[in-house]
Amino acid sequence: MSNRFKAAFCGLLMFCCLGVYAQSAKLFPEAPGLVSYTFRKEFQKDMPGTLDMVKKNGITDMEFSNLFGQKAEYIRQLLDERGIKCSSFGVSYEDAVGKLDTVAVNAKKLGAKYVRVASIPHKGTFTLDDAKNAVTTFNAIGKTLKEKYGLTFIYHNHGFEFEPYEEGTLYDYIVKNTNPQYVSFELDILWAFFPGHDPAELLKRYPKRYKAMHLKDLNKGVKGDMTGWTSQENDVVLGTGQINIPAIIKAAKKAGIEHYYIEDESSASVTQVPQSIAYLNSLPK
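- Under an unreviewed UniProt entry, the name given to the protein chain is Sugar phosphate isomerase/epimerase, and the source organism is Mucilaginibacter auburnensis.

Quick look at the structure:
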């Protein structure tokens, strides 16, 4: 081997090593997933074209929270053609209770591993009775999904569950009283932060219960409460709002979160999502 060849080879090796080091020095070098609700208007008008846009953003993992009037098998075909997977299927509480077999069949057709519910019906302030009813319902749904269909049920917090209860909150009550064998959780970081709680702390408190996460940021200056509601326009590019995204990502990595879905409900989601991905990929360890 000539000296010139050796020098070139060593230079190439060093370049590759530096590339690997640069990747390993990043907190979140991978592509995040996406919640379909982020591009709900686009999906409603043009499913294939919107999935093309999703793929161009480097996204290959999705949570579908709507079939947008399409058959689940058609969506699966479009996903397969683009090398995208649907890992989670989100449905309403009412459908999970009253149409569970249909929900499970559609989830299987989509290729999903998880069935997600994102709210609990209640009137006014969320109460202990509401939480108890949810626990009973979630345990039953989760058992059926697991034993009959091989699917995992996950509950997505929506802010109102954080009413104080004993030494913690009613959200703590739900986590502690649901059966870990049948019920897991998806942490929406905005809807944990909005009622005054630290998403990173929740991940540390219940590291084995969370399977997925919604990545969102809340516009600066917006004050939270227990309502579970804020304007969709308060969803801003990750890293530009109030939420400490790096601390949450670090806690999520330690907790073993499997799926990180960006959810941007704002009217600017098409332009904001690429910026949020760039932000995530720029975070140092």
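## Quick word on the overall build of the protein chain
No. 1: In terms of helices and strands, the protein chain carries twelve helices and ten strands.
No. 2: Relative to the 2.2 N^0.38 estimate, which gives 19 Å for 285 residues, the radius of gyration of the protein chain is 21 Å and therefore close to what a compact globule would have.
No. 3: Overall size of the protein chain, expressed as C-alpha extent along the three principal axes, is 80 × 45 × 35 Å.
No. 4: Per-residue burial for the protein chain yields a buried fraction of 49% across its 285 residues.
No. 5: Of the contacts formed within the protein chain by residues at least 6 apart in sequence, a portion of 78% connects residues at least 24 apart.

## A short note on the UniProt feature "domain: Xylose isomerase-like TIM barrel" (unreviewed entry) in the protein chain
No. 1: Mapped onto the present numbering, the UniProt feature "domain: Xylose isomerase-like TIM barrel" (unreviewed entry) falls at residues 52-281.
No. 2: Along residues 52-281, the helical share is 43% and the strand share 17%, with 21 Å between the first and last C-alpha atoms.

## Some thoughts on the packing of helix α3 (residues 47-56) against helix α4 (residues 72-82)
Each pair of packed helices can be described by the angle between their axes along with the distance between the axes.
No. 1: The interhelical angle for the contact between α3 and α4, taken along N-to-C directions, is 35°, at an axis separation of 10 Å. Note on packing geometry: the crossing formed by α3 with α4 is right-handed. Of the residues in α4, those in contact with Met47, Pro48, Leu51, Asp52 and Lys55 of α3 are Tyr74, Ile75, Leu78, Leu79 and Arg82.

Cut-offs and rules
Residues numbered from 1 in each chain as written. Predicted model: local features only at pLDDT ≥ 70, side-chain atom pairs only at ≥ 80, totals over all residues. Heavy atoms only, no water. Helix = DSSP H or I, 4+ residues; strand = E, 2+ residues; numbered from the N terminus. Rg over C-alpha atoms; globule rule 2.2 N^0.38 Å. Buried < 20%, exposed > 50% of the residue type's maximum accessible area, 1.4 Å probe, protein only. Contact = heavy atoms within 4.5 Å. UniProt positions renumbered as here; feature names shortened; annotations may be inferred. Axes fitted to C-alpha atoms, helices over the stretch in contact; angles between N-to-C directions. Left-handed = near helix turned anticlockwise from the far one by under 90°.

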